[in-house]
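What follows is each chain in one-letter form.
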Amino acid sequence: MPHIEFDMSILDPALLQELDEFIEVQEFPQESIIAILHKAQELFLWLPRELQLHIARKTDLPAARIHGIVSFYSFFLEEPNGKYTVSVCMGTACFVKGAQPILDEFRKQLGMGPKDKITKDGVFSLNDVRCIGACGLAPVVRVNEKIYGHFKVEQVKEVIQHYRELEEQAQ
Ligand code: FES
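Structural notes, computed from the coordinates. Bear in mind the structure is a predicted one, so any value in this text is a computation, not a measurement.

Things to note about the overall build of the chain
For the chain, the helix and strand inventory stands at seven helices and four strands. Traced from its N-terminal end to its C-terminal end, the chain shows the element sequence α-α-α-α-β-α-α-β-β-β-α. A principal-axis box enclosing the C-alpha atoms of the chain has dimensions of 50 × 35 × 35 Å. Across the chain, the fraction of contacts at a sequence separation of at least 24, relative to all contacts at a separation of at least 6, is 62%.

Structure, rendered in structure tokens:
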């Protein structure tokens, strides 16, 4: 069986303490595991394996069960996300209206390799997603919660520019 090394020191102690306090006030922590994972993600922004292991120890649930839940629900993140998550819909309606060239153009302009999920500066994540329920607007791109409908490849540059400017203003 492969031995996996966990480095628990990557977890911020102050955030861990806040999480532990949240777990301690749960009457039935095992039954509140989804709420606990949500709280953990709210604090840490994603759920590294070390954090999953910590939660397993605190709730007396098997680590494999925690990992099963985290992998099952798409809203739980096992990798860090960029500040702005660009999701290109690859559902049928969007795909036939040119989603692939849009995804390729984002990848190219963000300087990302075929397997990269996040830009080197951590500002952008790029995902292809299944139908997001806005097929009438196909092809659709979502950046965090904002939906861009009838998206054109030519808009990629301006959208990236917009979020880069927001990022600069925030600094
Ligand atoms: S297929 Fe893209 S929103 Fe439905």
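Moving on, there is more to tell.
Comments concerning the nonpolar core
The biggest cluster of nonpolar side chains holds 17 residues, and the ones touching the most others in it are Val86, Val88, Ala99, Ile102, Phe106, Val140 and Val141. Going through the elements one at a time, β1 (84–89), α6 (99–109) and α7 (155–170) are the ones with two or more residues in this core. Those residues in contact with Ile102 that sit more than four places away from it in its chain are Val88, Pro139, Val141, Phe151, Val153 and Val156. Counting residues in hydrophobic clusters, the runner-up holds ten residues, among them Leu19, Leu37, Leu47 and Ile66.

Some words on the sheet that holds strand β4 (residues 146–148)
Spatial ordering of the open sheet is given by β2-β1-β3-β4, a layout of four strands whose pairing is mixed. Each having just a single partner strand, β2 (124–129) and β4 make up the two edges of the open sheet. Adjacent strand axes in the sheet meet at a mean angle of 20° when their direction is disregarded. The pairing of β1 with strand β3 (residues 141–143) spans three bridges and is antiparallel. Along β3, the bridge assignment pairs Ser87 with Arg142. Running at roughly 155° to β1, α6 makes contact with β1, β2 and β3 of the sheet.

Cut-off values and rules
- For every chain, the first residue of its written sequence is number 1, and the numbers climb from 1 along that sequence.
- Side-chain atom pairs in this predicted model are given and counted only at pLDDT of 80 or more, local residue features only at pLDDT of at least 70, and totals for whole chains, interfaces and linings cover all residues.
- Working definition: helices are DSSP H or I runs of at least four residues, strands are E runs of at least two. Numbering for both runs from the N terminus.
- It is the C-beta atoms, placed from the backbone, that decide contacts: two residues are in contact if theirs lie within 7 Å.
- For the purposes of this analysis, a nonpolar core is taken to be any set of buried Ala, Val, Leu, Ile, Met, Phe, Trp, Tyr and Cys residues that are connected through C-beta atoms within 7 Å.
- Here a residue counts as buried when 20 or more other C-beta atoms sit within 10 Å of its C-beta, as exposed when there are 12 or fewer, and as partly exposed otherwise, the C-beta atoms being derived from the backbone.
- Only strands joined by at least two bridges in the DSSP assignment are considered to pair.
- All axes are obtained by fitting lines to C-alpha atoms, using only the stretch in contact for helices, and the reported angles, taken between N-to-C directions, cover 0 to 180 degrees.

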